[in-house]
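Observations on chain architecture
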Amino acid sequence: MDKRPVGVFDSGLGGLSAVKAMLRYLPEEDIVYFGDTGRVPYGTRSEKTIELYAKEDIAFLEKFNCKLIMAACGTVSSVAKEAMSHVKEPFVEVVTPACAAAVKATVNQRVGVMGTSATINSGSYEKEIKRRNPAIEVTGVSCPMLVSLVENDWIDSDDKIAVEIIRRYIKPLMEKKVDTIILGCTHFPHLAPIISKVAGDGVQLIDTGYEAVMRAKSILAEKDLMNEAGHKGVSKYYISDRTQNFSDIANTLLGTDISDQANFIDINKFELDLNEKDL
Ligand code: DGL
């Protein structure tokens with residue numbers, strides 16, 4: 001048994017899709033979430049910048065003495081190899097568990113991946129799927145505008161503009177007749193109803209946040225790091241910019257109001273801004 005919190009980070013609020021799954025499947029765990037709302041998006045930035053941001057995000061979470069850290073960000077998981085390799089705690093990224101699920105799910109051996117430009121250019125999902133099964137054909141599409149749709153709360157399944165943007169983005173996947181699509185960015189599960197509507201019933205969607213949480217759950221169990229059964233987990237949220245519609249978006253994505261638990265942190269000098277009581 002281990003009472004320390006689990007740390008989760010993302011470039012913004014998309015990683016709340018992983019937190020949502022964590023609240024459901026690991027309800028006894030305390031969570032510290034960091035959303036880098038001041039520097040989102042990561043997916044259009046260079047490898048060097050993504051590495052630097054990931055290092056800072058991890059260093060911030062390490063201050064909380066986390067028992068496990070999760071990069072709930074497809075871009076960090078795909079690009080920040082160096083930053084991830086130095087994490088001292090058990091670490092979960094989203095690419096490996098999502099690929100394992102996709103390889104299991106596909107029947108026609110054709111998998112599509114939707115991700116940020118950095119994720120798709122890295123070829124991370126394709127490499128991991130091919131490593132598991134070289135016969136699977138993988139088609140990736142960069143969907144940078146979807147991050148803005150989520151961050152701006154345009155996620156209603158009747159939203160004509162969102163539907164049209166998604167239709168255009170997934171056209172190459174439909175042409176390849178994929179039967180499985182990895183939502184390779186943690187912002188995208190929030191658009192799953194629209195993606196599913198556009199792709200049709202025969203296409204399974206893989207939710208990276210959910211798969212990562214399942215991976216975290218088995219690591220915690222294997223290493224005997226689960227919190228006390230029956231403990232009601234407490235979550236703390238830190239963001240690097242209190243964007244105007246933060247509360248509304250977080251509420252929509254998580255299904256619960258977290259404005260009272262959200263703290264602003266200047267990620268460039270967090271040691272100065274964090275009070276002792278926060279640690
Ligand atoms: N949530 C990030 C990811 O999973 C994407 C958003 C971004 O570009 O920062 O890739």
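Details of the structure are given in the entry above.
Residues numbered from 1 in each chain as written. Predicted model: local features only at pLDDT ≥ 70, side-chain atom pairs only at ≥ 80, totals over all residues. Heavy atoms only, no water.

1. Focus on helix α9 (residues 160-175)
Put simply, the test is: Secondary structure elements are taken from DSSP: a helix is a run of H or I of four residues or more, a strand is a run of E of two residues or more, and numbering for both begins at the N terminus. In this scheme, a helix's expected span is set at 1.5 Å multiplied by one less than its residue total. Contacts: residue pairs with any heavy atoms within 4.5 Å of one another. Pairs of N or O atoms are called polar contacts if they sit within 3.5 Å, as long as, within protein, a hydrogen donor faces a hydrogen acceptor (for residues adjacent in sequence, only side-chain-to-side-chain pairs).
With 16 residues, α9 should reach 22 Å at 1.5 Å per residue; the first-to-last C-alpha distance of 22 Å fits that figure. Summarising the contacts, the buried residues of α9 are in contact with β5 (110-115), β6 (137-142), α8 (144-151), β7 (180-183) and α10 (192-199). With a side-chain oxygen positioned 3.0 Å from the backbone nitrogen of I161, the residue opening α9 is D159. Following α9 by one or two positions, K177 has its phi on the positive side, about 60°.

2. Section: the state of the cysteines
Heads up, the rule is: Here, two cysteine sulfur atoms that lie within 2.5 Å of each other are counted as a disulfide.
Counting across every chain of the model gives zero disulfides. C73 takes part in no disulfide bond, and the closest cysteine sulfur to it belongs to C185, at a distance of 6.8 Å.

3. A few points about the sheet that holds strand β2 (residues 31-35)
Condition: We call two strands paired when DSSP finds no fewer than two bridges between them. Each axis is a line fitted through C-alpha atoms, and for a helix only the stretch in contact is used; angles between axes span 0 to 180 degrees, taken between their N-to-C directions.
As summarised here, the arrangement of the six strands in space is β4-β3-β1-β2-β9-β10, forming an open sheet in which the pairing is parallel. The open sheet terminates on both sides in strands that have one partner only, identified here as β4 (91-92) and β10 (262-264). Of the strand pairs in this sheet, strand β1 (residues 6-10) and β2 are connected by five bridges, and their pairing is parallel. Bridge pairing links D10 to G35 in β2. The sheet strands contacting helix α2 (residues 47-62) are β1, β2, β3 (68-71), β4 and β9 (235-239), and the helix crosses β1 at an angle near 155°.

4. A closer look at the sheet that holds strand β8 (residues 204-207)
Ordered by their spatial adjacency, four strands build an open sheet running β6-β5-β7-β8, and the pairing between neighbours is parallel. The sheet terminates laterally at β6 and β8, the two strands that pair on one side only. Adjacent strand axes in the sheet meet at a mean angle of 20°, parallel and antiparallel pairs treated alike. Note: β5 against β7, four bridges, orientation parallel.

5. Thoughts on the site of the ligand
For clarity, the cut-off: We call a residue near a given molecule or strand whenever any one of its heavy atoms falls within 4 Å of it. Exposure was quantified through the Shrake-Rupley algorithm and a 1.4 Å probe, taking into account, for residues, occlusion by the shown protein chains and nothing else. The way it works is a 1 Å grid over only the protein atoms, where trapped points that fit a 1.4 Å probe form a cavity and open points with protein on both sides within 12 Å along at least five of seven lines form a pocket, and then any residue with an atom within 4 Å of a point lines it. To be counted as sitting in a cavity or pocket, a molecule needs more than half of its atoms within 2 Å of that site's grid points. In this classification, Asp, Glu, Lys and Arg are treated as charged, Ala, Val, Leu, Ile, Met, Phe, Trp, Tyr, Cys and Pro as nonpolar, and every other residue, Gly included, as polar.
Surveying the vicinity of the ligand reveals 14 residues, the closest of which are S11, Y42, G74, T75 and H187. Contact distances for the ligand include 2.8 Å between a nitrogen atom and a side-chain N or O atom of D10. One of the backbone nitrogen or oxygen atoms of G43 is found 2.8 Å away from an oxygen atom of the ligand. For the ligand, whose free accessible area comes to 290 Å², the fraction covered by protein is 99%. Judged by its atoms lying within 2 Å of the grid points, the ligand is housed in the largest cavity. Considered class by class, the residues forming the shell around the ligand number six nonpolar, seven polar and one charged.

Shape descriptors only; they carry no functional weight alone.
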